[in-house]
Amino acid sequence: MSEEEGQLEARLEEQEEFEPSEEFVSQANVTDEGIYEEFEEDWPGCWEGAADLLDWYEGYDEVLDDSNPPFYKWFTDGKLNVSDNCLDRHLEERGDEVAIEWVGEPTDEENRTFTYEELHREVNEFAAALRDLGVEEDDVVTMYMPMVPELPVAMLACARIGAPHSVVFAGFSAEALATRMNAADSEFLVTCDGYYRRGDALDHLEKANEGLDGVDHDVEATVVVDRLGDDGHGHDLRDGQHDYAELVADHEGAEVEPVHRDAEDMLFLMYTSGTTGKPKGVKHTTAGYLAWAAWTSQAVLDIKPDDTYWCSADIGWITGHSYIVYGPLALGTTSVMYEGTPDYPERDRLWEIVEEYEVDQLYTAPTAIRAFMKWGKQFPEEHDLSSLRLLGTVGEPINPRAWKWYYQHIGNEECPVVDTWWQTETGGMMVTTLPGIKKMKPGSAGPPLPGLDVRIVDTKGEEVEPGRAGYLTVNKPWPGMLRTLYQNDERFVNEYWAEYSDTDSDDPEDWVYFPEDGAKIDEDGYITVLGRVDDVINVSGHRLGTMEIESAIVGVEGVAEAAVVGGDHEMKGEAVYAYVILEDGYEGDDDMRERIVGGVEDSIGPIARPEAVVFTPELPKTRSGKIMRRLLEQIANDEELGDTTTLRNPEIVEDIQTKVERED
Ligand code: WTA
């Protein structure tokens, strides 16, 4: 490091606040600081502006119907169609502009570019094909697909005919697919033969077929995209399985009138992990969700139609839904979609793509930034990244060091960094700075967006002093919020509202949304999110339920009991630590360990692989028999242990500690 560089690092290390550059501010979509006050004074009318970003067949009556909390309705009786909003309305002015710039993993493969007109055509053709296969309005269509362009095509085709989609992350296992199809009574599946991962042509259809075998009702039709061509695995399509390309060719030139959907009609389901072993089917609806995705894309990501914008998430997660597909396309911009990983074929792949496509905004995750940091600045330095105007992060807390590295080595100290806190359930961003207005504080996501009432409270619901840790709560509804858990209103109330609301009241003031995150707030109202306070862990930005992993482990022959916690991990943020008790007659050896890891991969997927499997004769339990997870977490993190005297079996703690040390 040169002396000059050393000085710069030292200066950055000390700096706690950063202002957006004048150059950025001069062109930002939102620059009026008054927006916060304005929204507060005109609430919920302030969200009319978000609704105005959309085209409507019929205007709405009321911005918000809060007569039956927490079952809020937004933009009541308005009629619109999401695919019309993401495609048709752009055709006249922007038909020849690129909607999706798809980059495959193999570098010798030609990229696929879809202009708005081309995307519109393919969406229409596939929508017609889906209808012919029997998909009717309100039928849930499951998509089990990696990052291929046919995924957004299928999502938009469903939106066009009013069929909600349920996208299952391609990295999830066959069993996870079956569970989700069963939970949603979904009779249609769109999937593909395989995809590339670090040079290998992975077989995906085998997993999909295995998943289909686990579906407990009739599946009417499956559509298979041929991604791998000659590299494919030679599957013959089964009865009821159709080749995507053939279907589209058979419907060449078809036009499907977008269905007029009610504002509150379901747009999609997304299954996500919660406290219990069963994934939650988060239900998002048409108008509120799209308005939220579009408004936040404009206000926070500063997206303009002429930008080339890139979110490197996977569409199998909510981030990809809101910020690869719906938000950017609603605004008519160019959205980049990349199939592969950042380190293939080399560790500069992302920077090569930024340079080649002159990307304006990059939205990624702290886990990726930690990897970039570890690999070193020489990789971004090989490329011209001067097209970048804004950087964003999402998915987990980002530490100030990683934030500053991103700001300095990717953004060249010119791009504001937005650290955006939100969840599958919130539909879109909730807590973050508005990049043209607010200073940034590395490590803190920032203030709540205008119009949101976020408070950090103690267990009684009283606001905590600045600097003290508490629980994050949202005290007013917002358009992008989930409407319920699919076919389970009761669980919806229990999971998100019961903690801090007076559930007997029909006064919206008495209803508080609890996202199950811990947080603290500073004197300026900036919020630092500390992480989940429920039994959910965050591995590389992926949300996993410890109960789901535990039940996978207990399903392995010879396992009597298991407890899973998140331990700190330098790269992944958190890693899965599994404490396992075996039945008599079984050995805690490598073979057992492998079977346990295999069991987790089969039931959830490789992302949930335990980092450490610790065999123990007992788990630390309270006198009432509850497993002391906090203690297990502290052991995993090699932290000082809290009080262990109240345990039924305090002697086990030391024993486990020794074993964890050996694992590490
Ligand atoms: C965590 C992803 C700190 C949080 C969009 C939340 C974050 C969970 C941040 C939701 C952030 C997300 N800072 N923590 N900027 N963004 N989280 O549903 O714990 O996959 O509850 O949605 O990720 O994960 P989900």
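See the structure above.
To keep things clear, this report deals only with the structure shown in the data block. (Residues numbered from 1 in each chain as written. Predicted model: local features only at pLDDT ≥ 70, side-chain atom pairs only at ≥ 80, totals over all residues. Heavy atoms only, no water.)

A closer look at the overall build of the chain
Counted only if it meets this: Put simply, DSSP marks the helices as runs of H or I at least four residues long and the strands as runs of E at least two long, and each gets a number from the N terminus on. The size measure is the radius of gyration over C-alpha atoms, and the globule rule it meets is 2.2 Å times the number of residues to the 0.38 power. Three exposure classes are used, based on accessible area relative to the maximum for each residue type with a 1.4 Å probe and protein chains only: buried under 20%, partly exposed in between, and exposed over 50%. Note on areas: these come from Shrake-Rupley sampling with a 1.4 Å probe, and a residue is covered only by the protein chains present in the view. Just so you know, the count uses Lys and Arg for positive and Asp and Glu for negative, and it drops His and the chain ends. A charge is said to be at NZ when it belongs to Lys, at CZ for Arg, at CG for Asp and at CD for Glu.
Across its full length, the chain holds 21 helices and 30 strands. Computed over its C-alpha atoms, the radius of gyration of the chain comes to 24 Å, within 12% of the 26 Å expected for a compact globule of 664 residues. With respect to the three principal axes, the spread of C-alpha positions in the chain is 75 × 65 × 60 Å. In the chain, which comprises 664 residues, the share counted as buried stands at 60%. Total accessible area on the chain stands at roughly 26500 Å², and carbon and sulfur atoms take up 40% of it. Taking the average place of the 52 positive charges on the side chains of the chain and the average place of its 146 negative ones, the gap between the two points comes to 6 Å.

Quick word on the pairing of strand S6 (residues 141–145)
Going by this rule: At least two DSSP bridges between two strands are required for those strands to pair. Note on handedness: a clockwise path from strand one over the helix to strand two, with the strands aimed away from the viewer, defines a right-handed crossover.
Counting buried residues along S6, five of its five residues qualify, which places the element largely inside the surrounding structure. Burial along S6 is two-sided: Val141, Met143 and Met145 and Thr142 and Tyr144, pointing in opposite directions, are all buried. Sheet analysis places S6 next to strand S7 (residues 165–169), joined by five bridges and oriented parallel. Paired with Tyr144 across the two strands is Val168, which belongs to S7. Tracing the backbone out of S6, into helix H7 (residues 150–161) and back to the parallel element S7 gives a crossover that is right-handed.

Digging into the site of the ligand
This is how the line gets drawn: For this purpose, a residue is taken to be near a molecule or strand whenever a single non-hydrogen atom of the residue falls within 4 Å of it. Any pair of nitrogen or oxygen atoms within 3.5 Å is treated as a polar contact; in protein, a donor-acceptor pairing is required on top of that, and neighbouring residues in sequence qualify only through side-chain atoms on both sides.
The environment of the ligand is formed by 17 residues, the closest being Asp419, Thr420, Thr424, Asp517 and Arg543. Separating a nitrogen atom of the ligand from a backbone N or O atom of Glu396 is a distance of 3.3 Å. In the model, an oxygen atom of the ligand is placed 3.1 Å from a nitrogen or oxygen of the Gln423 side chain. Look at the ligand: alone it shows 530 Å² of surface, and the protein chains cover 97% of it. Listing elements by their share of the shell around the ligand, those giving two or more residues are helix H12 (318–330), strand S20 (417–420) and strand S25 (527–532).

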